[in-house]
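# A look at the structure
Listed below are the residues making up each chain.
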Amino acid sequence: MEHIAAVLLVIGCSNTMTECRELSVSVFETAQECTAARPFALSDVQGQAPRIIGKCLSVDPALEDDYDQIVWNVRPDGTLDASVEISDLEVAANGARPEKDSLSQQ
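Residues numbered from 1 in each chain as written. Predicted model: local features only at pLDDT ≥ 70, side-chain atom pairs only at ≥ 80, totals over all residues. Heavy atoms only, no water.

## A short note on the confidence of the model for the protein
When pLDDT is averaged along the protein, the result is 83, and 81% of the positions lie at 70 or above. Model confidence for the protein, summarised as mean pLDDT per element, is weakest for strand E5 (residues 80-85) at 90 and strongest for helix H1 (residues 31-44) at 96. (pLDDT = per-residue confidence, 0-100. Helix = DSSP H or I, 4+ residues; strand = E, 2+ residues; numbered from the N terminus.)

Structure below.
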């Protein structure tokens, strides 16, 4: 089983940096692999947006199964603030389901 140590997030923006969207997300076993792949990933998406920004984000391998969101924001100066996070969402479920009898099923 591979462990994830870094995520490469690539964002495409308008010239004014007011409209941005995710173009790609890739995972890597080491931060060095992510850094090495970054120029190629940026090249692969050229033309999909006027301005393209990519950033390698650190991931704690011990928590990799718990991460469930990438939070990002592009500042007007083109700086990408981003992180891989664990949401605070708690899901509750009741495993008990009432059984239907054959007479009540239609």
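## Focus on the pattern of salt bridges
When their charged atoms lie close together, side chains carrying opposite charge are able to pair. Counted according to the given criterion, the structure contains one salt bridge. With its nearest N and O atoms 2.7 Å apart, the salt bridge here joins Arg75 to Asp81. With a relative accessible area of 39%, Arg75 lands in the partly exposed category. (Salt bridge = Lys/Arg side-chain N within 4 Å of Asp/Glu carboxyl O. Buried < 20%, exposed > 50% of the residue type's maximum accessible area, 1.4 Å probe, protein only.)

## Section: the pairing of strand E4 (residues 69-74)
Bridge count between E4 and E5: six bridges; the pairing is antiparallel. Counterpart to Gln69 in the pairing with E5 is Glu85. From the end of E4 to the start of E5, which pair antiparallel, there are five residues, and Gly78 there has a positive phi angle of about 90°. (Pairing = 2+ DSSP bridges.)

## Points about H1
Given 3.6 residues to a turn, an α-helix orients residues that are three or four positions apart in the same direction. The first and last C-alpha atoms of H1 sit 20 Å apart over 14 residues, in line with the 20 Å expected at 1.5 Å per residue. Of all the bends in H1, the greatest, near 40°, is centred on Arg38, and the proline Pro39 appears no more than four residues after it. Turning to H1, its buried residues are Cys34, Ala37, Ala41 and Leu42. The secondary structure elements touched by the buried residues of H1 are strand E1 (6-13), strand E2 (20-28) and strand E3 (51-58). (Expected span 1.5 Å × (residues − 1). Bend = angle between axes of the 7 residues up to and from the residue. Contact = heavy atoms within 4.5 Å.)

## Details of the sheet that holds E3
Strand order in the open sheet made by the three strands is E2-E1-E3, with antiparallel pairing throughout. Of all the strands in the sheet, the pair left with one neighbour each is E2 and E3. Averaged over all neighbouring strand pairs, the angle between strand axes comes to 20°, with direction disregarded. Here E1 pairs with E2 via eight bridges, running antiparallel. Its bridge partner being in E2, Ala6 is matched across the sheet by Phe28. Strand contacts of H1: E1, E2 and E3, with the helix running at about 25° to E1, the strand carrying the most contacts. (Axes fitted to C-alpha atoms, helices over the stretch in contact; angles between N-to-C directions.)

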